[in-house]
Amino acid sequence: MRKIAESTVRRLSLYLRFLEEFQAQGIDTVSSEALAARGGTTSAQVRKDLSFFGSFGKRGLGYSAPELVTRLRDILGLKQSYQVIIVGAGKIGSALAQYRGFAQRGFHIAAVYDADPAKVGLKWNGPVVRDVKQLERDLAREPMDIAILSTPAPAAQALAERLVRSGIKAILNFAPVQLLVPAHVAVKNVNMALELEALSYALRNR
């Protein structure tokens, strides 16, 4: 399969959510125009995004919402569940650990780690905060799929290296630093300051 742009993958995730909303309203057939209107894009863009993965819908009739939901969940790898750990039990880590939407998408928060003895042993809606010193031992015994890194910037790179050595292949990084990892490890950065700056630019240039 050809390399797909990250922007396309993000739009597919949005289409999936819109389709699920349409289904909840009892709408079983959805047009590219309806998806475009919800996503702030064009019907041509919707059709182009979907065309990377095969043929969908019928001209003049639209898409079967249940069928397209199934196909998009398959494309996005959501037919399986993933074991996730959170490293960093600060405010962001705490909020993420208690967010119920992850489980609905098949992302199970299996463990939370922190270096602060005052936080170790706390229980957050299931997971108990573990000492980060036992990270390697735990991952050797319980392999995980994804790590969410929500530590201060100075600690992030060293922790990312420990995660990679322990077999983690995907990291969602909330630390305000660019991580250096091997090419086979997928990293997605969430920098809220950058997002706010983008909004500032949008307000300034309306």
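Placed above this text is the structure.
Scope of this entry: the structure provided in the associated data block. Because the structure is predicted, anything quoted here is derived from the model rather than measured.

## Some words on the packing of aromatic side chains
Aromatic ring pairs are defined here through the distance separating the ring centres and the angle between the ring planes.
Argument step 1. Applying the stated rule across the entire model yields two aromatic pairs.
Argument step 2. For the pair Tyr-99 and Phe-102, a centre-to-centre distance of 4.9 Å together with 90° between the ring planes defines the contact as edge-to-face.

## Thoughts on the pattern of salt bridges
Argument step 1. What the rule picks out here adds up to eleven salt bridges.
Argument step 2. The partner of Arg-11 in a salt bridge is Asp-49, with the nearest N and O atoms 2.7 Å apart. You can see Arg-11 sitting in helix 1 (residues 6–24) and its partner Asp-49 sitting in helix 3 (residues 43–51), a full 38 residues away along the chain.
Argument step 3. Judged by its relative accessible area of 0%, Asp-49 is buried.
Argument step 4. Taking the shortest distance from any N to any O, the salt bridge between Arg-38 and Glu-21 comes out at 2.2 Å. Of this pair, Arg-38 sits in helix 2 (residues 32–39) while Glu-21 sits in helix 1, and the two are 17 residues apart along the sequence.
Argument step 5. Connected through salt bridges with shared partners, the residues Arg-130, Arg-137, Asp-138, Arg-141 and Glu-142 form a single ionic network.

## Quick look at the environment of Asp-116
Argument step 1. Counting through the fold element by element, Asp-116 comes out in the loop between strand 4 (107–114) and strand 5 (129–131).
Argument step 2. Here Asp-116 falls in the partly exposed class, since its relative accessible area comes to 30%.

## A word on helix 3
Argument step 1. Along helix 3, the positions that sit buried rather than exposed are Ser-43, Val-46, Asp-49 and Leu-50. Projected down its long axis, helix 3 shows its buried positions confined to an angular sector of 125°, all on one face.
Argument step 2. Each element contacted by the buried residues of helix 3 is listed here: helix 1, helix 2, strand 2 (63–64) and helix 4 (65–75).

## Points about the sheet that holds strand 7 (residues 170–173)
Argument step 1. Strand order in the open sheet made by the six strands is 5-4-3-6-7-8, with parallel pairing throughout. Each of the sheet's edge strands pairs with one partner strand only, and the pair in question is strand 5 and strand 8 (186–189). Here the strands of the sheet are splayed against their neighbours by 25° on average, with no regard to which way each runs.
Argument step 2. In this sheet, strand 7 lies alongside strand 6 (residues 146–149) in parallel orientation, the contact comprising three bridges. By the bridge assignment for strand 7, Ile-148 is matched with Leu-172.
Argument step 3. On the sheet, helix 8 (residues 153–165) packs against strand 3 (82–87), strand 6 and strand 7 and is oriented at approximately 170° with respect to strand 6.

## Here we look at the packing of helix 1 against helix 4
Argument step 1. Helix 4 packs onto helix 1 with a crossing angle of 150° between their chain directions and a minimal axis gap of 10 Å. Two packed elements cross with a definite hand, and for helix 1 against helix 4 that hand is left-handed. Packed against helix 1, whose contacting residues are Leu-12, Tyr-15, Leu-16, Leu-19, Glu-20 and Gln-23, the element helix 4 presents Ala-65, Pro-66, Leu-68, Val-69, Leu-72, Arg-73 and Ile-75 at the interface.
Argument step 2. Residue composition of the contact of helix 1 with helix 4, grouped by class: ten nonpolar, one polar and two charged.

## Describing the pairing of strand 7
Taken residue by residue, a regular strand's side chains alternate between the two faces of the sheet.
Argument step 1. By the alternation rule, side chains of strand 7 split into Ile-171 and Asn-173, which are all buried, and Ala-170 and Leu-172, of which none is buried.
Argument step 2. As defined by bridge partners, strand 7 adjoins strand 8 across four bridges and the pair is classed as parallel. Its bridge partner lying in strand 8, Ile-171 is registered against Val-187.

## Remarks on the layout of surface pockets
Argument step 1. Here the largest pocket is characterised by a volume of approximately 1600 Å³.
Argument step 2. The wall of the largest pocket is formed by 31 residues, among which Val-9, Ser-13, Phe-107, Leu-172 and Lys-188 lie closest to the centre.
Argument step 3. Contributing elements (two or more residues each) for the lining of the largest pocket: helix 1, strand 3, helix 6 (101–104), strand 4, strand 6, strand 7 and strand 8.
Argument step 4. Classifying every residue of the lining of the largest pocket gives 19 nonpolar, five polar and seven charged.

Each value, and the rule that gives it
- One numbering rule holds for all chains: residues counted from 1, following each sequence as written.
- Side-chain atom pairs in this predicted model are given and counted only at pLDDT of 80 or more, local residue features only at pLDDT of at least 70, and totals for whole chains, interfaces and linings cover all residues.
- As a convention, hydrogens and water are excluded, and side-chain values are obtained from all of the structure's heavy atoms.
- Under the pairing criterion, centres of Phe, Tyr and Trp rings, with the six-membered ring standing for Trp, must be within 6.5 Å; the plane angle then separates stacked pairs below 30 degrees from edge-to-face pairs above 60, leaving the rest tilted.
- The salt bridge definition used is simple: a Lys or Arg side-chain nitrogen within 4 Å of an Asp or Glu carboxyl oxygen.
- Labels follow the DSSP assignment, with helices taken as runs of H or I lasting at least four residues and strands as runs of E lasting at least two, numbered in each case from the N terminus.
- Type-normalised accessible area, obtained with a 1.4 Å probe on protein chains alone, sets the label of each residue: buried when under 20%, exposed when over 50%, and partly exposed for intermediate values.
- Picture the helix axis, draw a direction to every C-beta atom, and the arc is the one those directions span.
- In what follows, residue pairs with any heavy atoms lying within 4.5 Å of each other are defined as contacts.
- Criterion used throughout: strands pair if DSSP finds at least two bridges between them.
- Throughout, an axis means a line fitted to C-alpha atoms (over the contacting stretch in the case of helices), and angles, computed between N-to-C directions, take values from 0 to 180 degrees.
- Handedness of a crossing follows from how the near helix is turned relative to the far one, being left-handed for an anticlockwise turn of less than a right angle and right-handed for a clockwise one.
- When residues are grouped by polarity, Ala, Val, Leu, Ile, Met, Phe, Trp, Tyr, Cys and Pro land in nonpolar, Asp, Glu, Lys and Arg in charged, and all others, Gly among them, in polar.
- Grid points spaced at 1 Å over the protein atoms alone were grouped into cavities, where a 1.4 Å probe fits but cannot get out, and pockets, open sets with protein on both sides within 12 Å along at least five of seven lines, with lining residues defined by an atom within 4 Å of a point.
- Grid points are joined across faces, edges and corners, and a volume is the space filled by probe spheres set on the points.

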